[in-house]
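Okay, here's what each chain looks like letter by letter:
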Amino acid sequence: MPDSAASSYAEDTENQEPAAPIAVEAPPVESQVSPRQLRLAQSQENTTDKFPIVGLGGSAGSLQAFEAIFRALPPTPGMAFVVVMHLAPDQPSELPAVLQRFTPMPVHEAADGLKVRPNHVYVIPPDADMSMLHGTLLLFQPTQARGRRLPIDFFYQSLAKDARERAICIICSGMGSDGTVGLKMVMENFGMVMVQSPETAEYDSMPRSAIATEFVDYVLPAGQLPAKLLEYMHKPLFARPRREQAESDAQPAHALQKIFILIRAQTGHDFSFYKRNTVFRRIERRMNAHQIQEFPQYVRYLQENPAEVEALFRELLIGVTKFFRDPEAYLALQRQLPPLLRGKPTDSTVRVWAPGCSTGEEAYSLAMLLLESLDAIEPARYLKIQIFATDINPAAIDFSRAGLYPANITADVSPERLRRFFVRQADGSYQITKEVRDVVIFAVHNLTKDAPFTKLDLLCCRNLLIYLSAELQKNLLPVFHYALNPSALLFLGPSENLTGYQELFILLDMKWKISRRNDASPSITRLVNFPFAISQHSATAGASATAMSTSSPRKSGPFAALVQQTLLQQYAPPAVIINARGEILYVNGRTSRFLEPAPGLGGLNLFEMAREELNYELSAAVHKASTTSQTVVVERVRVKTESGLQLLRLTVHYLAALGPVGWDLTALHEQLRALFNGSGQAFNNLLLPGPKGGRPVRAFARLLLSAGQPTGHVLLGLQEVAG
């Protein structure tokens, strides 16, 4: 590119990477739209004029990428292009004139109220934030300090909501991570995401940040992106009818069921309760990525490519989250917290559950809000906070536990909260302080089948129910009512409601869906119908339930005899064997002083049955043993029992995988013998054949595998120690 072109526009070099907290939080785009702008956008909307809209985002070094993209596009590609770049706010922009040299399409500087047309290019002006509403570009005075603005994220978020599946975003060269949050929303709304390959970018920070989200469809050199873009646009996605219309022969219901079965077999999770429209669109996105046009062909592709099953699983789990999403909603919740906290006895625990926590921002936001609210009540009244944050995605849980977030969270977190609750890292990222991390317990949990956390003071389930079927939503609301303490709070997303169960909750804030639990009793039929693991609602749940039934081979037979005799002879204290999800596979000795049945309809899960004082130490020790495959010992754990305060030695041993085809009892015996340092004499008569031996052993192995058990199991021991 000639030097004259490079020098004919002014790039904002101060807005590349946030270096300090911003001065003002940016309100949601919707709240900034003036009545005049709204009327103008609505008057220009044409429901029949629907075409793809491509957002091009870049910063330092992106002009060269833009040139390569526009030179490779045809004169009439059939889509509109909106270029968002970090521009110096105090100088006029020559960027439209520069881009006009690269394309025959008309290039315009965006103006407030400008209607977007296909085969045109629009460029953000200096010193402005830009959004889209009803296909119209709207301009705003930036509310954030220079150097802290994220104009690409700002535009992409509105583009995602306005154009939905017609939205396409492209991230090019640049410093920082602007665009990372916005591309997630584009993906969430069924749009498409492209990124310039970092190796070809002059500055690779923005491309690498985008790729790290794993929500990217294509990563290519800038010059190759247009060909893939045009190929994508000519695929059948945009010609297909909406899912509300009748299905064609190309996507029969039985093909979808096969896909559900493949996902369940590999991940253990059942997506048949998700809204069909959402599931179909996620599947169509994966099909487009592989140029597959028919659903049966995609089923075959899944069968032959396990990695694609994982990719589809992650696609179905896409959920955009950020700190204090909908700030007004959190302000509304904060107003409801003081009466709740003042009603708690001194030295008691405020229990909170946040299902579907994704990467943890919502759970940590709740923790910060509660810590701030505790400061406002009497200092002498000590209250402990315990937040259970759960998700079905183990990778998201691991990310959340680390509590490490990129520099662009400054757009969502106030300077005061950044100073109190975060520690700035050398690379510009932020880590949640130990004060906040200690009150949040992250765990893998499936809301659709696992027993709920109970005795809650607050249940926050925002923007999750909208992805679930109406029937499952109706089943969940009575469960939420059951899980909450009297007069406790329920916090839903703005698009979710209590349809059919208004009598169970007293609405406190209609806009932000904050309700208080009513003492009315939910329908016991609804509770029984909820698909807990013991309800045998699905094949996975049914197998798990059978495994825990009274006729289970765990109660008797070679496996039970081997485990029981080994434990009794070599390890007298009470012990249980669990899988990585905490489901109890075997119990030895009397554990009633430490474990008690959880209230309600839940199954036998260690984390639900453990006494409250054991919860934190138990969860942390099991997680450490599972991830390190080593023995973990926690000394002098205090537990209140009927006989008074007792000190325990908590020991968690990791039992390695016992083979992919089933339980090799000889291998288990050898592991236990090595674990307890036995001499071997007492074990000679206990050696049993592996899965190829007796029929009961093979049947038991199939039962466990069909229940989706993980490859490793954990042996937990509890032993009293002297005070």
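These remarks concern the structure in this document. Quick caveat: nothing in here was measured; it's all calculated off a predicted structure.

A look at the overall build of the protein chain
Reasoning step 1: Secondary structure assignment for the protein chain yields 26 helices and 25 strands.
Reasoning step 2: Here the protein chain holds 723 residues, and 57% of them are scored as buried.
Reasoning step 3: For the protein chain, the accessible surface area stands at approximately 29800 Å², while carbon and sulfur atoms represent 52% of it.

Overview of helix 19 (residues 470-483)
Residues that lie three or four places apart on an α-helix share one face, since the helix turns once every 3.6 residues.
Reasoning step 1: Between its first and last C-alpha atoms helix 19 spans 20 Å; for 14 residues at 1.5 Å apiece the expected length is 20 Å, and the two agree.
Reasoning step 2: The complete set of buried residues in helix 19 reads L472, Q473, N475, L476, L477, P478, V479, F480, H481 and A483.

Thoughts on the nonpolar core
Reasoning step 1: Among the nonpolar cores identified, the biggest contains 65 residues, and F70, F81, V83, L99, F155 and L229 are the most heavily contacted of them.
Reasoning step 2: Among all residues touching L229, those that are not within four sequence positions of it are V54, M79, F81, I168, M192 and M194.
Reasoning step 3: Core analysis: the second largest hydrophobic core is formed by 48 residues, L256, V279, V299 and L317 among them.

Thoughts on unusual backbone geometry
Reasoning step 1: Positive phi values are uncommon outside glycine, yet S358 reaches one of about 55°.
Reasoning step 2: Following the sequence through the fold, S358 ends up in the loop between strand 11 (349-355) and helix 15 (361-375).
Reasoning step 3: The phi torsion at N463 lies on the positive side, around 60°, for a residue other than glycine.
Reasoning step 4: As for its placement among the helices and strands, N463 is situated in the loop between strand 17 (456-461) and helix 19.

Comments concerning the sheet that holds strand 8 (residues 167-171)
Reasoning step 1: A sheet is described by the order of its strands in space; here 7 strands give the open sequence 3-5-2-1-8-9-10, paired in parallel fashion. Strands at the two margins of the open sheet, each flanked by one partner only, are strand 3 (107-109) and strand 10 (218-220). Strand-to-strand twist in this sheet, taken as the mean axis angle between neighbours without regard to direction, amounts to 20°.
Reasoning step 2: Here strand 9 (residues 192-196) runs beside strand 10; their pairing, made up of 3 bridges, is parallel. Residue pairing across strands places Q196 opposite L220, the latter belonging to strand 10.

As for the packing of helix 11 (residues 276-289) against helix 13 (residues 306-316)
Reasoning step 1: Running from amino to carboxyl end, helix 11 crosses helix 13 at an angle of 135°, the nearest separation of the two axes being 10 Å. Here helix 11 lies oblique to helix 13, going by the angle between them. As for the relative orientation of helix 11 and helix 13, their crossing is right-handed in sense. Here V279, R282, I283, R285 and R286 of helix 11 lie close against helix 13, whose contacting residues are E308, A311, L312, E315 and L316.

Rules used throughout
- Residues numbered from 1 in each chain as written.
- Predicted model: local features only at pLDDT ≥ 70, side-chain atom pairs only at ≥ 80, totals over all residues.
- Heavy atoms only, no water.
- Helix = DSSP H or I, 4+ residues; strand = E, 2+ residues; numbered from the N terminus.
- Buried < 20%, exposed > 50% of the residue type's maximum accessible area, 1.4 Å probe, protein only.
- Areas by Shrake-Rupley, 256 points an atom, 1.4 Å probe, with all protein chains shown as cover.
- Expected span 1.5 Å × (residues − 1).
- Core = buried A, V, L, I, M, F, W, Y, C linked by side-chain atoms within 4.5 Å.
- Contact = heavy atoms within 4.5 Å.
- Pairing = 2+ DSSP bridges.
- Axes fitted to C-alpha atoms, helices over the stretch in contact; angles between N-to-C directions.
- Parallel < 35°, antiparallel > 145°, perpendicular 65-115°, else oblique.
- Left-handed = near helix turned anticlockwise from the far one by under 90°.

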